[in-house]
Structures are given as C-alpha cells and as structure tokens.
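# Topology and contacts: notes
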Amino acid sequence: MSISKEIANTIVDPRAYANLARIDAAFTTLRKDAPFEVAEADGFDPFWVATRHADVLEIEKRADVFLNGAGSATLADKAANAFVHAVTGEPNLVRSLVQIDGKEHKDLRAITFPAFTPKALKALEEQIRGIAREFVDAMIAKAPECDFARDVAFLYPLRVVMKVLGVPEEHEPFMLKLTQELFGPNDPDMNRTGKEVTGEEAMNLLQQTMLDLEAYFGEVTKTFRTKPESCINSLIANAKIDGEYLTHRQMMGYYIIAATAGHDTTANTTGAAMWALAQNPEVLRQLKEDPSAMTGFVEETIRWASPVKHFMRTAIADAEVAGQQVKKGDWVMLSYHSANRDEDVFDDPFAFKIDRPIHKHVAFGSGPHVCLGQHLARMEMRILWEELLPRLSEVSLAGEPKLTQSTFVCGPKTVPIRFTVA
Ligand code: HEM
C-alpha cells in the first residue's frame, strides 16, 4: 500500500512531532500497512520512509550504498534544498561528520573517537558528578515546583558537553541559543525571529546562525593552536590528516557537530525522563529501592524520547530493501522514532518499561555513523539520576509539558513538576 497524502504531509510537519498522539498514529499505520514506501508530501521531493527497526538497521549497515552526504542528510523541503545548493553547491549547509562518508568520515571520526570511549570518559566522572550536584541543589532549592526542562534538563547537559569541548562557562548561553536556532529554525520559540517561518525563511535563519558560529569557532582555533589542551575543541583545532590541518569547512563542521549534537539530544531525553517519572510513580519507587535498575531506566528513557527523529540517506546504486526496489539517487528517511516503537521488537511499545532487554533501541543510530557521544550521554544521565533521585520522594506534573516543533531533534521544552524533597 502506498503512503496516503495525509500521512506523508504529517511526517514532514514539524508541528506533528509536538503532538505525540498525531505522530504516533501516523507511524503506527505505516508500520502496519506501508512499512517501507515512498512518501510524496507537498513541497518535498519524494522519499522512502523506513519505519521498522530491522529496515533502519539494514540501511545503516549498507553504508556503501546508502550515503549520508550524497543528498540532504536531514529532511528539507524542495525550496530549502534549492537554497542550500545555491549557497554551497552541495546538498548540505554544514559538512560535519553526519554529512560525510567513506574514508574522509573515518579519518575525521578517528580524531575525537578516543576521547569519547567509556574508559576516557571515566576520568571525567567526578567532575560531571560535581556539575550534577550543583543542578540538583538548585532544583531542590526551588521546591515544591519547577520547570524541569528549563531549570535542569537544558542546562546540565550543556554544561557537561561544554566542559568536554573546552568552552568557557560564560559562553554557554550563546552556544545554547545558537544550537536551539540550528535545530529549531521552524519553531517560533527557538528561532531568532520569534515567529512562524516558511521553509525558505528557516534556511535563511540557519545561515545567519552558521555565520555566528563560524565567527566564534574561528577564535577557538586561534586560541588552541597557540595553547593546545586535552579538550575536544583543541583536538579539532590541532588535528592533521596526511600532515595537513583540517580545511576550514571540515573544521567548522566538526566544531558545530561536537557543540550541537550533545546537549539538545540529551536535554530532550532528560526532560522526557522526568515526564515519564511523574507519570509512573512506581518507577521512582523501584529505582530508589533497587539502584541496579538504573541502567534499564536510562536506556528506556532514550528509547522513549528518541530525541533524534530521523536522519536521511541517499542511495548511490540500485538496492533492494524490504522487498522493494530502491533506485540510484533515491532519498530515504530512517525514522528512529518509529523504529523505537516497532511492535515486532518492543513488547507493548507505548508503555514505559525499565526492564526491557538492553541496547535494542536505535535512538543512537547504528553502523559507521552511530552516535559518537553515546557513552557520554548515558554516563551524564545516569549521574544526574543517581544524584537527584535519592533527594526526591514524590513527583507529579504541575502542568502539561510542551514539545518542540521539529522533524529533526525534538522533545519537551517545558516539563512543569511539583515535587517533595526526601
Ligand atoms: C540521548 C542523547 C543522544 C542521542 C539520542 C543521539 C543520537 C544520535 C544519532 C541518532 C546519531 C546519528 C547516528 C546514525 O546516523 O546512525 C548521532 C550522531 C552523533 N552524535 Fe549523538 N546523540 C546523543 C548524544 C550525543 C552526545 C552527548 C554527543 C557528544 C558530543 C553526541 C555526538 C554525536 C556526533 C559527533 C554524531 C555524528 C557521528 C557520525 O556521523 O559519525 N551525541 N547521535
């Protein structure tokens, strides 16, 4: 069965992702009736939609055929794609790890990979715990109510990732604003106009954001080439491939992905986790009684939030997927949100369960582009909950959480809670 116009238009609509019932209904129908089909949405080039867990994994694995950089790596309408082509001569505005393939991707990823291994991160554990305690203390001081998203979930991962990157604390508000603009140009609460905008206007806003980021990171390169340190930004500034520093575009793409990939994603997951805790009081009790349930809790919050809704791939040769013939040049959406609710893999997928088999979800992707910061994300979330949960005795919602409007990275931007301190 083909994808109906209504569903095609839903999965490209940023507002649909701010309404879980609407987006979940669309993807549930697709998984059942049209799990891997072409969507023809108004204003968009046609694209295949992989909605099932197995198909998402299969496409990610075949990275020699399904490339990140041969087309737009994220969903964009025709006008936005034309705009990017006109400005860069390439399919993507930024050339970061997620828009590069093959050897260049491998070489670039290898520059920071060692710094993101669990072993390397272990050295940061106490420092991150100190940051978590500061945020927990500040939250407890606000008892009995706070907006968990604004007061904790958005600030803590930002502070952590900025520490890892080597960005001074006083630059954090600037980095937060630019990341939110980068991920939410369509969302009036996130973009710099404060208004609803068209796809093309959103791309214009993105370009302004990029220029601000480039100016900032130009200074970062100068600083760390003069005085190298062990942080990620210094590794990027001083990295050489075949004896040469990275090109300007490679370096900017790298700084931008490192600075932006790590906090909205983790923030959305942390906010969604508190939302789930407020709705499932037995989970809070279970975690307090049995700290070994923490790993399952963190993993389920990542599946539950699936803050990265999709990435796109472009086929560079004909290929068969799920019995369908994909042609060279076809554009493919990997819906992590849908794959993480696949009834064939997750028992009762719309329930929040912390005792599921671990590591089944695809919220971090898979294959050569699998999230570089996954161990950092898990570790910082675990530490936050280890510090916070012993100090909470009860938590409930004090209002309706509000989700970001975005087809790409989204989650709760407000989570009003009422809580009692243990
Ligand atoms: C819960 C939090 C997070 C989620 C759900 C998440 C999800 C993802 C996903 C889905 C991808 C693309 C994978 C693919 O194409 O197969 C990705 C890539 C990436 N993530 Fe994360 N991420 C998170 C946190 C972080 C953190 C903390 C960092 C640290 C800086 C980070 C850095 C990156 C980078 C650099 C890439 C590009 C990797 C590449 O293309 O080789 N992420 N992430």
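Calculation criteria
- Position labels on residues start from 1 in each chain and follow its written sequence.
- Reporting in this predicted model follows two pLDDT cut-offs: at least 70 for local features of residues, and 80 or more for side-chain atom pairs to be given and counted; totals over whole chains, interfaces and linings ignore these cut-offs and use all residues.
- Computation of side-chain values: all heavy atoms of the structure, hydrogens and water removed.
- Two strands are said to pair when DSSP picks up at least two bridges between them.
- Only DSSP runs of H or I with at least four residues qualify as helices, and only runs of E with at least two residues qualify as strands; both kinds are numbered from the N terminus onward.
- Here the axes come from fitting lines to C-alpha atoms, over the contacting stretch only for helices, and the angles between their N-to-C directions go from 0 to 180 degrees.
- A pocket here means an open set of points on a 1 Å grid, computed over the protein atoms alone, that has protein on both sides within 12 Å along at least five of seven lines. A cavity is instead a set of points where a 1.4 Å probe fits but cannot get out; residues with an atom within 4 Å of a point line either one.
- Grid points are joined across faces, edges and corners, and a volume is the space filled by probe spheres set on the points.
- Just so you know the grouping, Ala, Val, Leu, Ile, Met, Phe, Trp, Tyr, Cys and Pro go in nonpolar, Asp, Glu, Lys and Arg go in charged, and all remaining residues, Gly too, go in polar.
- For this description, a residue counts as near a given molecule or strand if any of its non-hydrogen atoms is within 4 Å of it.
- In the analysis that follows, any N or O atom pair within 3.5 Å is treated as a polar contact, provided that within protein one partner can donate a hydrogen and the other can accept it, and provided that, for residues neighboring in sequence, both atoms belong to side chains.
- Contact between two residues is taken to exist if any of their heavy atoms lie within 4.5 Å; hydrogens are not considered.
- Should the near helix be turned counterclockwise from the far one by less than a right angle, the crossing is left-handed, whereas a clockwise turn marks it as right-handed.
- Categorising residues by exposure relies on relative accessible area from a 1.4 Å probe, with only protein chains included: less than 20% of the type maximum marks a residue as buried, more than 50% marks it as exposed, and the intermediate range marks it as partly exposed.
- Metal-coordinating donors are taken as N, O and S atoms lying within 2.8 Å of the metal, or within 3.2 Å when the metal is Na, K or Ca; because water is left out, some sites can appear incomplete.
- We call Phe, Tyr and Trp rings a pair once their centres come within 6.5 Å, taking the six-membered ring for Trp, and we label the pair stacked below 30 degrees between planes, edge-to-face above 60, and tilted otherwise.
- We call a charge positioned above a ring when the Lys NZ or Arg CZ atom is no farther than 6 Å from the ring centre and deviates by at most 35 degrees from the ring normal.

## What to know about the sheet that holds strand E4 (residues 145–147)
- Spatial ordering of the open sheet is given by E4-E14-E11, a layout of three strands whose pairing is antiparallel. What marks the edges here is a single partner per strand, and that holds for E4 and strand E11 (392–397). Sheet twist, expressed as the mean angle between neighbouring strand axes with direction ignored, is 30°.

## Here we look at empty space enclosed by the protein
- One pass over the full model with this rule turns up two cavities of 30 Å³ or more.
- In this structure, the largest cavity encloses a volume near 80 Å³.
- For the largest cavity, the lining is made up of 13 residues, of which Glu299, Glu300, Arg356, Pro357 and His361 are closest to its centre.
- The residue makeup of the lining of the largest cavity, split by class, is four nonpolar, three polar and six charged.
- Listing elements by their share of the lining of the second largest cavity, those giving two or more residues are helix H10 (172–183) and helix H14 (264–279).

## Notes on the site of the ligand
- Close to the ligand lie 31 residues, the nearest being Glu60, His105, Arg109, His369 and Cys371.
- In the environment of the ligand, an oxygen atom lies 3.5 Å from a nitrogen or oxygen atom belonging to the backbone of Leu97.
- Here an oxygen atom of the ligand and a side-chain polar atom of His105 are 2.7 Å apart.
- Listed by contribution, the elements that provide at least two residues to the shell around the ligand are helix H5 (102–112), helix H13 (248–260), H14, strand E7 (310–315) and helix H18 (374–388).

## Considerations on the environment of Ala50
- Structurally, Ala50 can be placed in strand E2 (residues 47–50).
- Here Ala50 is in contact with Pro35, Phe36, Asp55, Val56, Ile59, Met333, Leu334 and Ser335, once residues within four sequence places are set aside.

## Looking at the packing of helix H4 (residues 78–88) against helix H11 (residues 199–226)
- Packing of H4 against H11 leaves a shortest axis separation of 8 Å and a crossing angle of 35°. Crossing handedness for the pair H4 and H11: right-handed. Taking contact as the criterion, the partners of Ala79, Ala80, Phe83, Val84 and Val87 in H4 are, on H11, Gly199, Glu200, Met203, Asn204 and Gln207.
- In terms of residue class, the contact of H4 with H11 is made up of six nonpolar, three polar and one charged.

## Overview of the pairing of E2
- Because side chains alternate across E2, one face comprises the buried residues Phe47 and Val49, and the other comprises Trp48 and Ala50, equally buried.
- Across three bridges, the pairing between E2 and strand E10 (residues 331–335) is parallel. Bridge pairing links Ala50 to Leu334 in E10.

## Here's the deal with the coordination of the iron atom of the ligand
- For the iron atom of the ligand, the sole protein-derived donor is Cys371 (SG), lying 2.3 Å away.
- Along the chain, Cys371 turns up in the loop between helix H17 (336–339) and H18.

## Side note on the packing of aromatic side chains
- Evaluated as defined, the whole model comprises eleven aromatic pairs.
- Ring plane angle 70° and centroid distance 6.2 Å describe the contact between Phe135 and Tyr156, whose orientation is recorded as edge-to-face. Of the two residues, Phe135 sits in helix H7 (residues 125–141) while Tyr156 sits in helix H9 (residues 156–165), which places them 21 residues apart along the sequence.
- Measuring from ring centre to ring centre gives 4.8 Å for Phe217 and Tyr255, while their planes differ by 10°; the resulting arrangement is stacked. Of the two residues, Phe217 sits in helix H11 while Tyr255 sits in helix H13, which places them 38 residues apart along the sequence. Residues Phe217 and Tyr255 agree in their burial class; the two are buried.
- A cation over a ring is seen here: Lys240 above Tyr245, with NZ or CZ 4.7 Å from the ring centre.
- A cation over a ring is seen here: Arg341 above Trp304, with NZ or CZ 6.0 Å from the ring centre.

## Let's talk about the sheet that holds strand E1 (residues 36–39)
- Pairing is mixed in the open sheet, where five strands are placed in the order E1-E2-E10-E7-E3. Each end of this open sheet is capped by a strand with a single partner; those strands are E1 and strand E3 (66–67).
- Direction of pairing for E1 relative to E2: antiparallel, over a ladder of four bridges. Looking at the pairing, Val38 lines up with Trp48 of E2.
- Packed onto the sheet, helix H3 (residues 53–61) meets E1, E2, E3, E7 and E10 and runs at close to 125° relative to E10.

## Structural notes on unusual backbone geometry
- A cis geometry characterises the amide bond from Ala143 onward to Pro144, with omega recorded as 15°.
- Within the secondary structure layout, Pro144 lies in the loop between H7 and E4.
- The phi torsion at Asp242 lies on the positive side, around 50°, for a residue other than glycine.
- Here Asp242 is to be found in the loop between strand E5 (240–241) and strand E6 (244–245).
- Within the chain, Asp348 stands out as a residue other than glycine whose phi angle is a positive 50°.
- As for its placement among the helices and strands, Asp348 is situated in the loop between H17 and H18.
- Taking the relative accessible area as the measure of exposure, Asp348 reaches 44% and is therefore partly exposed.

## Comments concerning the side chain of Glu300
- Within the secondary structure layout, Glu300 lies in helix H16 (residues 294–305).
- Judged by relative accessible area, Glu300 falls into the buried class, the value being 3%.
- If we ignore the near neighbours within four places in the chain, the residues touching Glu300 are Ala351, Phe352, Lys353, Ile354 and Arg356.

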